[in-house]
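Below are the chains, spelled out letter by letter.
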Amino acid sequence: MSLIYPELSQRIDEMSDGDEEFKKELTQAIFVGLKELKQFYSDGMVQRDLEIIQQIRHKVKPTLGMFEFDDLANSLQNGKEILESAGFGTEFQTHFDDFIRQVDRAIEEVKKLVDHI
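Just so it is clear, the structure is predicted and the values come from calculations on it, not from any experiment.

For the rest of this paragraph, the subject is the pattern of salt bridges. Applying the stated rule across the entire model yields seven salt bridges. Of the charged contacts, one joins Lys-23 and Asp-13 as a salt bridge, the two residues approaching to 2.7 Å between their closest N and O atoms. Here Lys-23 is found in helix α2 (residues 20-47), whereas its partner Asp-13 is found in helix α1 (residues 8-16), with 10 residues between them in sequence. Here Lys-111 makes a salt bridge to Asp-115, at a shortest N to O gap of 3.1 Å. You can see Lys-111 and its partner Asp-115 sitting in helix α5 (residues 90-115), four residues apart, about one turn around the helix.

One can find His-95 in helix α5. His-95 has contacts with Tyr-41, Ser-75, Asn-78, Gly-79 and Ile-82, leaving out every residue within four places of it along the chain.

Backbone geometry follows two general trends: most residues other than glycine have a negative phi, and most peptide bonds adopt the trans configuration. One non-glycine residue, Asp-17, lies in the positive phi region at around 50°. Using a relative accessible area of 67% as the deciding quantity, one classes Asp-17 as exposed. A positive phi angle, close to 55°, is found at Arg-48, a residue other than glycine. By the element assignment, Arg-48 lies in the loop between α2 and α3 (50-66). Overall, Arg-48 belongs to the partly exposed group, its relative accessible area being 44%.

Criteria and cut-off values
Residues numbered from 1 in each chain as written. Predicted model: local features only at pLDDT ≥ 70, side-chain atom pairs only at ≥ 80, totals over all residues. Heavy atoms only, no water. Salt bridge = Lys/Arg side-chain N within 4 Å of Asp/Glu carboxyl O. Helix = DSSP H or I, 4+ residues; strand = E, 2+ residues; numbered from the N terminus. Contact = heavy atoms within 4.5 Å. Buried < 20%, exposed > 50% of the residue type's maximum accessible area, 1.4 Å probe, protein only.

Right, dumping it as structure tokens:
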């Protein structure tokens, strides 16, 4: 079903092991986590607050790895490196714009799964 994350539905199925209620809860939790990632990353950008960005990055990192959101994990790592070397400048703004597009695509993909459960 997913074009961007073709293994996501299968991973959720494997983790839920036939428990439809757990599958629904897990998928919803991923959806909420991605929306939270977008919100806090955006807040950190607007406020130029490195701590907000660090906190959300650490909070979602396990989920991104477990469900193979490799593009988002790599983008977050890239953003971390930019912030450490150049701060909240033009380079980070470019990264941020790309990241928001990526996270929006991920949110849309997971929403399709939520809507089909």
